[in-house]
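A structural walkthrough
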Amino acid sequence: MTAVMKALAVASLVSARAQPRRCVAGASSQQSLQSSFNGMSLQCRPSPRPRPCSSRSSSVQVVMMAKPSIQFIQGTDEQTIPDVRLTKSRDGTNGVAIFSFEQPSVFDSSAELGDITGFYMIDEEGTLQSVDVSAKFVNGKPARIEAKYVMRTPRDWDRFMRFMERYSQANGLQFVKN
C-alpha cells in the first residue's frame, strides 16, 4: 500500500510540475502542491540549480506499466500459469482461446474474497473479459478451471495476441505450434 501511495504522490508531483510555472520576485523557494489523491499537500524541495523562467510550458507524461495478469475475482491475480489453446478460422476473421488452469489459486482465496465473477485479462491497454468460465470437479473438490475467450474480429485477435505476448514474457511462456 505504501508503494502505491508513493507512486501516486510522484505521479501527482509530475503532473503538477507539467503545468506552466509563474515567476514571482521574492517567492519562496519551496512550492506547495495539491494532489488529486485525498487533497494531500506535498512539498517540493528547490532544485539544486536555478531554472530560468520562460513562457514555454513543458509537459511530462507518466506511464505506469502494470504486469499483465489474469483474474477470476477482480483485484486478485491468478498465480497458476494456464495451458492456452488457440484456434483461428481459415479466413482469419475470428478465433477462440481456451485457458486451462490446473489447481488454480482462486480456489484457495475464493472463500474469503467471494465468488468467481468472470475471466479478466488485464494489461497496460486495459481489460479483456469473458463470462464463459467453467470449473471441473474431481471427487467433489474443485480441480480445474477452463475459460473461453472468443475473438470475433481481426481487431479482437490482434488485441488478444498483444496481451498474450506481454503475459508470456512476464511469465516465461512460449508458443508451441501443433
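Let us look at the structure shown here. Not measured: the values here are computed from a predicted model. (Residues numbered from 1 in each chain as written. Predicted model: local features only at pLDDT ≥ 70, side-chain atom pairs only at ≥ 80, totals over all residues. Heavy atoms only, no water.)

Some remarks on the pattern of salt bridges
Applying the stated rule across the entire model yields eight salt bridges. In this structure, the salt-bridge partner of glutamate 125 is arginine 166, at a minimum N-O distance of 2.8 Å. Here glutamate 125, found in the loop between β7 (119-123) and β8 (126-130), pairs with arginine 166, found in helix α3 (residues 154-171); they are 41 residues apart in sequence, far enough to count as distant. Judged by relative accessible area, which is 37%, glutamate 125 ranks as partly exposed. For arginine 144, the salt bridge identified is with glutamate 146, shortest N-O distance 2.8 Å. For glutamate 146, a relative accessible area of 19% gives the class buried. (Salt bridge = Lys/Arg side-chain N within 4 Å of Asp/Glu carboxyl O. Helix = DSSP H or I, 4+ residues; strand = E, 2+ residues; numbered from the N terminus. Buried < 20%, exposed > 50% of the residue type's maximum accessible area, 1.4 Å probe, protein only.)

Re the pairing of β8
The pairing of β7 with β8 spans five bridges and is antiparallel. Bridge pairing in β8 links tyrosine 120 to glutamine 129. Where β7 hands over to β8, the hairpin turn is made up of two residues, counted between the paired strands. (Pairing = 2+ DSSP bridges.)

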